[in-house]
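Structural features, examined
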Amino acid sequence: MSIQVNNLTHIYSEGLPQQSLALENVTFTAEDGQFVGIIGHTGSGKSTLVQHLNGLLNPKSGSIVVSGVDITQPGVVMRDIRRKIGLVFQYPEYQLFEETVEKDVAFGPGNLELNEAEIQSRVKEAIQLVGLDYEEIRGHSPFELSGGQKRRVAIAGVIAMKPEVLILDEPTAGLDPKAHQDVLDMIRRVHEHEKNITFLVSHNMADIARLADLVLVMDSGRLAMQGTPEEIFSQEEALDSMGLALPEPARLMNMAKKKGLPFQGSFLTVEEAEEALYGFLKRDRDSRI
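Residues numbered from 1 in each chain as written. Predicted model: local features only at pLDDT ≥ 70, side-chain atom pairs only at ≥ 80, totals over all residues. Heavy atoms only, no water.

A look at the packing of aromatic side chains
For clarity, the cut-off: Aromatic pairs are defined between Phe, Tyr and Trp rings, using the six-membered ring for Trp, whenever the two ring centres lie within 6.5 Å; interplanar angles under 30 degrees are classed as stacked, those over 60 as edge-to-face, and all others as tilted.
Tallied over the full model, the rule gives three aromatic pairs. Seen from their ring centres, Tyr-91 and Tyr-94 are 5.6 Å apart, and the 10° between their planes marks the pair as stacked.

Points about helix H6 (residues 147-159)
Under the convention used in this document: Numbering of helices and strands runs from the N terminus, with a helix taken as a DSSP run of H or I at least four residues long and a strand as a DSSP run of E at least two residues long. Residue count minus one, scaled by 1.5 Å, sets the expected span of a helix. Here's how the labels work: a residue is buried when its accessible area is under 20% of the maximum for its type, exposed when over 50%, partly exposed in between, all with a 1.4 Å probe on protein chains only. Contacts are residue-level and defined by heavy atoms, with any inter-residue pair within 4.5 Å sufficient.
An ideal rise of 1.5 Å per residue puts 18 Å on 13 residues; H6 measures up with 19 Å between its terminal C-alpha atoms. Burial analysis of H6 places ten of its 13 residues in the buried class, which makes it a mostly covered element. Burial in H6 covers these residues: Gly-148, Arg-151, Arg-152, Val-153, Ala-154, Ile-155, Ala-156, Gly-157, Val-158 and Ile-159. Looking at the buried positions of H6, the neighbouring elements they touch are strand S6 (85-88), helix H3 (101-110), helix H4 (116-129), strand S7 (165-169) and helix H7 (177-194).

Side note on the sheet that holds strand S2 (residues 20-31)
As a general point, the strands of a sheet are linked pairwise by backbone hydrogen bonds and lie either parallel or antiparallel. Inclusion rule: The criterion for strand pairing is that DSSP finds at least two bridges linking the strands in question. Note on definitions: angles span 0 to 180 degrees between N-to-C directions of axes, and those axes are lines fitted to C-alpha atoms, for helices only across the stretch in contact.
Judged by pairing direction, the sheet is antiparallel, and its four strands sit side by side in the order S2-S1-S4-S5 without closing on themselves. Both edges of this open sheet fall to S2 and strand S5 (69-70), since each of them pairs with a single strand only. With five bridges connecting them, strand S1 (residues 2-12) and strand S4 (residues 61-66) associate as antiparallel partners. Bridge pairing links Val-5 to Ile-64 in S4. The strands that helix H1 (residues 46-53) touches are S1, S2 and S4; relative to S1, the one it contacts most, it runs at about 125°.

Right under this line is the structure:
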């Protein structure tokens, strides 16, 4: 499974006075099993881009090739494509509607012409994958749950369809810090279990640095940069020019470097920064003995 995006261009309200260029010649490839982070300032084209990946939007020009099939061509059965590519919007809990958690998660698989045993198996697995107790929560109304639990139930409904590509557009928006971390841990766990291509759209640089193999940086509808987290977050000035900041550990360690402290590396996570600081303090202590 791979997704190849070639020279993708999209125009909103084409031909009208409010016409705007939302995407311009975006090109990248996501390979099977990759975790792809998409970052950029508000209005940079992140959400517009991912809505093209399962055919919710059609481009002005360019192509999107999913497992050898160009989904922008006439005659492609988009229902088949959307079975392979699951998209979780911001605030997906607003789309919950069934009377129980179990029924809500089963809705998607129920439309895939599966037998009841397979649907039940998928529902149970998905609920457990998102970190909820299946037996405890299956009969609850989704509307009685906490915000973080609702979010996870909504995501479970997409996971239960076993998409080969999972797209999450700001999945932690509006959550408190604990729920934010719980959802991130769940996303990592699902990716490791399903071994699918995962796209994560986020404003949180630290989340992207921790989880992504490949980072796409959007700026005013263009793909301004792409590379590993280490490659992207080593370019502080370029990111700053696009209104983006480094992950906080990297920013603080860069400040320390500028003060003359002998740190080497990118320090994209708190753990990496802590290890470097511990090593420095230990060496400084030992030199004084």
